[in-house]
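Residue-level listing of the chains:
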Amino acid sequence: MMDNIGLYALLSTLVVSLLSFVGAFLFFIKTKVLKQILPLLICFSIGALLGNAFFHLVPESYFHLPSVYLTSWLILAGFLLFFIIDQVLHIHTDTESHTHPKSHTSGIKPYGYLSLYADGIHNFTDGILIGAAWMVMPELGLATTLAIIMHEIPQEVSDIGILIRAGFSKRKALLFNFGIACAAILGTALTLWLGHRIGHLSTYILPVAAGGFIYLAAGSLLPEILKETAKRNLLLHLIVILAGLGLMYYLSLHSGHHH
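Residues numbered from 1 in each chain as written. Predicted model: local features only at pLDDT ≥ 70, side-chain atom pairs only at ≥ 80, totals over all residues. Heavy atoms only, no water.

Colleague: How would you sum up the packing of aromatic side chains? Please name residues and give values.
Modeller: Applying the stated criterion to the full structure yields seven aromatic pairs. Relative to Tyr215, the ring of Phe83 has its centre 6.2 Å away and its plane inclined at 75°; by these criteria the two rings are edge-to-face. Placement of Phe83 in helix 3 (residues 68-99) and of Tyr215 in helix 8 (residues 201-228) is noted, with a sequence separation of 132 residues between them. Judged by relative accessible area, which is 38%, Phe83 ranks as partly exposed. Overall, the relative accessible area of 7% leaves Tyr215 in the buried class. Three or more aromatic residues joined by ring pairs form one cluster here, namely Phe79, Phe83 and Tyr215. (Phe/Tyr/Trp six-rings, centres within 6.5 Å; stacked < 30°, edge-to-face > 60°. Helix = DSSP H or I, 4+ residues; strand = E, 2+ residues; numbered from the N terminus. Buried < 20%, exposed > 50% of the residue type's maximum accessible area, 1.4 Å probe, protein only.)

What follows is the structure, encoded as structure tokens:
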């Protein structure tokens, strides 16, 4: 029975990981049109990232962790961790551009890699949650998988938009995004291997991921959008950000991890 549960858990996580290819529909949009909608995708991503952090990850963290102060420190630790990663990436990018001015990596903005790191942590956490839920009972595993699928579809489209905006080619954006999505499989495999003991790890990873998402949205993506914002599109950008927030709020009401 346990072997079957493990198989179902891994298959569930594989399905979630394959959702990373949902963003491939952007490939069929003309480059000129894509340049026009990319700022809107980034705006939606800002709302989705902040909404996921404040409506989902932060409440779940405060709900499950024993100390509100510990939770706050872990959120701040995630924020500072991604600040440090961002600074290191900036230093590395500047060094590359001076040492190898024709390097193929020099045209990629650091927030593209930062997005991959943040999404990797989130996917790893999802994998832990899926594995732990299937180990409790099959019905709970299926419910958790469906909840994460509802959350991941709009997120994956936004992720592809971020990577393309950061300078990745469409093909590389899709492949890198899928590679990061496979972190969920690693999370599930580790959970099944180590058993129930690792289930508690997810509660400590959640606030760190929340801090990372907040930094990515406010510290990296928002400044990019400010460059694009003018009087004529200010309201549109705000509406799209609110749409991302609204969607994450709606999903948090119907697909939380309170189980």
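Colleague: Break down the packing of helix 6 (residues 170-181) against helix 7 (residues 183-194) for me, with residues and values.
Modeller: Axis separation between helix 6 and helix 7 bottoms out at 4 Å; the angle between their running directions is 10°. In terms of orientation, helix 6 lies roughly parallel with respect to helix 7. Facing Gly179, Ile180 and Ala181 of helix 6, the residues of helix 7 in contact are Ala183, Ala184 and Ile185. Across the contact of helix 6 with helix 7, the residue classes break down as five nonpolar, one polar and no charged. (Axes fitted to C-alpha atoms, helices over the stretch in contact; angles between N-to-C directions. Parallel < 35°, antiparallel > 145°, perpendicular 65-115°, else oblique. Contact = heavy atoms within 4.5 Å. Nonpolar A, V, L, I, M, F, W, Y, C, P; charged D, E, K, R; others polar.)

Colleague: Which residues make up helix 6, and what values do they have?
Modeller: Quick reminder: α-helices carry 3.6 residues per turn. Residues three or four places apart thus point the same way. An ideal rise of 1.5 Å per residue puts 16 Å on 12 residues; helix 6 measures up with 16 Å between its terminal C-alpha atoms. For helix 6, every residue scored as buried is listed here: Ala173, Leu174, Asn177 and Ala181. Projection of helix 6 onto a plane perpendicular to its axis shows the buried side chains occupying an angular sector of 95°, all on one side. (Expected span 1.5 Å × (residues − 1). Arc of directions from axis to C-beta.)

Colleague: Help me get a handle on the environment of Ala184, residues and values and all.
Modeller: Mapped onto the secondary structure, Ala184 falls in helix 7. C-alpha separation for the pair Ala184 and Leu129, spaced 55 residues apart in sequence, amounts to 9.3 Å. In contact with Ala184, other than residues within four places in its own chain, are Thr13, Ser17, Asn123, Phe124 and Gly127.

Colleague: Quick rundown of the confidence of the model for the chain? Include the residues and the values.
Modeller: With 84% of its residues at a pLDDT of 70 or more, the chain has an overall mean of 80. Looking at the elements of the chain, mean pLDDT is at its lowest for helix 5 (residues 138-166), recorded as 77, and at its highest for helix 6, recorded as 90. (pLDDT = per-residue confidence, 0-100.)

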